[in-house]
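Results of the structural survey
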Amino acid sequence: MKVLVLGAGNVGRAIAWDLRDEFEVWVGDRSEERLNSVKDFAETVKIDASNFDSLVETMKSFELVVGALPGRFGYSSVKAAIKAGVDMVDVSFMPENPLELREEAEKAQVTVIFDAGFAPGLSHILMGRIWQEIDELKEGYIYVGGLPREPRPPLYYRITWSPKDLIEEYTRPARVIRNGNVTAVDPFEKIERVTVGDFEFEAFVSDGLRSLLESVKAEKLEEWTLRWPGHLEKMKVLRELGFFKSEHIDKTLEVITPLMTYESPDFSIMQVVGRGILDGKKKEIGYLLYDEEKEGFTSMARVTGFTAAIVARLVAEKGCIFGVIPPEILGMRIDTFTRITEELAERGITLERWENAPPGDS
């Protein structure tokens, strides 16, 4: 099977590397430098994702597309896949709602699984499993972060993905469920100190629930993104001073991106917790995931790219129905959930499950 990976950045490289032994893998990007980084294990093709018609024609030569482009290209690349009649798995974190393309995908007999990375992605898969195992979900929380092991001042963060998408997290209203209703809140309405695993972090509410807002019913459902202490207050000040406005963002990134670009191994951590009622009794189910940089890939590339690659295999095996499918559906099905988590474990990504008390609690 010929597979096209869109994007030769950190995540795209990890996806192509993971798929290399089972598929004829091609990687498309507009950067020759990035394409050169994957030539040891993939064929390459120069692609301009902003040229819709050209993208459609290129996709027609493949049986499966895996999208690892910045969010601004996500929706149009999914539309291109549907028009080309090719299945697609995407991790782009597009601002649009891909479920709006469900009817088009079904008519074209195409399968699209969107938000199939780490968060959103694996976060949804874990919450979908919790939702399936509890009779009545009262509240659910996702705590997630990709962080440097050795944070450096002044911003205590290392960029491992799109800088513009990072800033989007601090400016876009965060949609959550409170009192059973979907509402949008300021991501910096409250900066909290939280403990996840063996670490203490700062956390802010983020707009990562996306399709969970429709598929999971709860009185309260929130995603919180984790940062090392000292980062968020500085980001909040920059936002309040207007440095993240569209007319200033490029110049701002010129200044702050070098401050968040340095050598330090990264790690990924996620805790997904659901509390509710099972068999008439209070019940808590949780998952704790941890991963570190290894084998030449950042941890964020591993947890995002390997999750997408595993989901791509499911689609290649025609294990999913036609249409546009949110990732939590894969968690609600025990067969796909087990397949994904077992394959992540084979790649050295640890996942612990608990009931009623998180790991380490007495």
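Cut-offs applied
- Residues numbered from 1 in each chain as written.
- Predicted model: local features only at pLDDT ≥ 70, side-chain atom pairs only at ≥ 80, totals over all residues.
- Heavy atoms only, no water.
- Helix = DSSP H or I, 4+ residues; strand = E, 2+ residues; numbered from the N terminus.
- Rg over C-alpha atoms; globule rule 2.2 N^0.38 Å.
- Buried < 20%, exposed > 50% of the residue type's maximum accessible area, 1.4 Å probe, protein only.
- Contact = heavy atoms within 4.5 Å.
- Lys, Arg positive; Asp, Glu negative; His and termini not counted.
- Charge placed at Lys NZ, Arg CZ, Asp CG, Glu CD.
- 1 Å grid on protein atoms, 1.4 Å probe; cavity = no way out; pocket = protein on both sides within 12 Å on 5 of 7 lines; lining within 4 Å.
- Points joined across faces, edges and corners; volume = space filled by probe spheres on them.
- Domains from an automatic or database assignment.
- Buried area = accessible area lost by both parts, 1.4 Å probe.
- Salt bridge = Lys/Arg side-chain N within 4 Å of Asp/Glu carboxyl O.
- Polar contact = N/O pair within 3.5 Å; in protein donor to acceptor, adjacent residues only side chain to side chain.
- Nonpolar A, V, L, I, M, F, W, Y, C, P; charged D, E, K, R; others polar.
- Patch = residues over 30% accessible without salt bridge, like charges linked within 9 Å, V, L, I, M, F, W, Y side chains within 5 Å.
- Areas by Shrake-Rupley, 256 points an atom, 1.4 Å probe, with all protein chains shown as cover.
- UniProt positions renumbered as here; feature names shortened; annotations may be inferred.
- Phe/Tyr/Trp six-rings, centres within 6.5 Å; stacked < 30°, edge-to-face > 60°.
- Lys NZ or Arg CZ within 6 Å of the ring centre and 35° of its normal.

**Re the overall build of the protein chain**
Counting its secondary structure elements, the protein chain contains 13 helices and 16 strands. Since a compact globule built from 362 residues should have a radius of gyration of about 21 Å, the 20 Å found for the protein chain is in line with a globular shape. If one aligns the C-alpha atoms of the protein chain with their principal axes, the spans along those axes are about 55 × 50 × 35 Å. Taken over 362 residues, the protein chain has a buried fraction of 56%. Long-range contacts, defined here as pairs at least 24 residues apart, represent 70% of the contacts in the protein chain between residues at least 6 apart. The distance from the centre of the 45 positive side-chain charges to the centre of the 62 negative ones in the protein chain is 2 Å.

**A closer look at the layout of surface pockets**
What the second largest pocket holds in volume is close to 260 Å³. Lining of the second largest pocket is provided by 13 residues; of these, Arg 72, Lys 164, Asp 165, Glu 168 and Arg 172 occupy positions nearest its centre. Sorting elements by how many residues they give to the lining of the second largest pocket places helix 7 (residues 163–171) first, with 5 residues. Mapping the lining of the second largest pocket onto the domain boundaries places at least three of its residues in each of domain 1 (2–113) and domain 2 (122–299 + 349–355).

**Focus on the domain arrangement of the protein chain**
One can read the domain layout of the protein chain as domain 1 (2–113) and domain 2 (122–299 + 349–355). Summarising the inter-unit geometry, the C-alpha centres of domain 1 and domain 2 are found 25 Å apart. Each partner contributes to the interface: domain 1 provides 12 residues, whereas domain 2 provides 12 residues. Here domain 1 and domain 2 share an interface that buries about 940 Å² over both sides, 56% of which is from carbon and sulfur atoms. In this structure, the connection of domain 1 to domain 2 is made through 0 salt bridges. The interface formed by domain 1 and domain 2 includes 2 residue pairs in polar contact (both at pLDDT 80 or more). When its residues are assigned to classes, the side of domain 1 that touches domain 2 shows 6 nonpolar, 4 polar and 2 charged.

**Observations concerning the environment of Val 91**
Tracing the sequence through the fold places Val 91 in the loop between strand 5 (87–90) and helix 5 (102–107). Judged by its relative accessible area of 18%, Val 91 is buried. Once you skip the residues sitting within four places of it in the chain, Val 91 turns out to touch Val 11, Gly 67, Ala 68, Ala 116, Gly 117, Thr 304 and Ala 308.

**What to know about a nonpolar patch on the surface**
A surface patch of nonpolar side chains, about 280 Å² in accessible area, is lined by Val 237, Leu 241 and Phe 243. For Val 237, the position within the fold is in helix 9 (residues 232–240). You can call Val 237 partly exposed: its relative accessible area is 42%.

**A look at the UniProt feature "domain: Saccharopine dehydrogenase NADP binding" (unreviewed entry) in the protein chain**
Taking the numbering used here, the UniProt-annotated feature "domain: Saccharopine dehydrogenase NADP binding" (unreviewed entry) corresponds to residues 3–113. As annotated, residues 3–113 comprises 36% helix and 23% strand, and the C-alpha atoms at either end are separated by 15 Å.

**Points about the pattern of salt bridges**
Applying the stated rule across the entire model yields 36 salt bridges. One salt bridge connects Asp 207 with Arg 172, and the closest N-O pair in it is separated by 3.0 Å. Here Asp 207 is found in the loop between strand 11 (199–205) and helix 8 (212–215), whereas its partner Arg 172 is found in the loop between helix 7 and strand 8 (174–178), with 35 residues between them in sequence. Across the pair, Arg 172 and Asp 207 agree in class, each one buried. Residues joined in a network through salt bridges with shared partners are Asp 18, Glu 22, Arg 313, Glu 317, Arg 339, Glu 343 and Arg 347.

**Some points on the packing of aromatic side chains**
For the coordinates displayed, the defined rule picks out 16 aromatic pairs. Between Trp 17 and Phe 297 the ring centres are 5.3 Å apart and the planes differ by 55°, which places this aromatic pair in the tilted class. Here Trp 17 is found in helix 1 (residues 10–19), whereas its partner Phe 297 is found in the loop between strand 14 (281–292) and helix 11 (299–316), with 280 residues between them in sequence. Between the aromatic rings of Tyr 170 and Phe 204, the centroid separation amounts to 5.2 Å while the plane-to-plane angle is 55°, which identifies the pairing as tilted. Pair noted here: Tyr 170 is in helix 7 and Phe 204 is in strand 11, with a separation of 34 residues, a long-range link. Residue classification places Tyr 170 among the buried residues on the basis of a relative accessible area of 0%. By way of ring pairs, the aromatic residues Phe 199, Phe 201, Trp 228, Phe 267 and Tyr 290 are connected into one cluster. One Lys or Arg, Arg 129, reaches over the ring of Phe 337 and ends 5.6 Å from the middle of that ring. Of note, Arg 210 hangs over the ring of Phe 93, and the distance from its end group to the ring centre comes to 4.4 Å.

**A closer look at the environment of Val 45**
Tracing the backbone through its elements, the reader meets Val 45 in strand 3 (residues 43–46). Classification of Val 45 by relative accessible area gives partly exposed; the value is 22%. Distance from Val 45 to Pro 258, taken between C-alpha atoms, is 30 Å for residues 213 residues apart in sequence.

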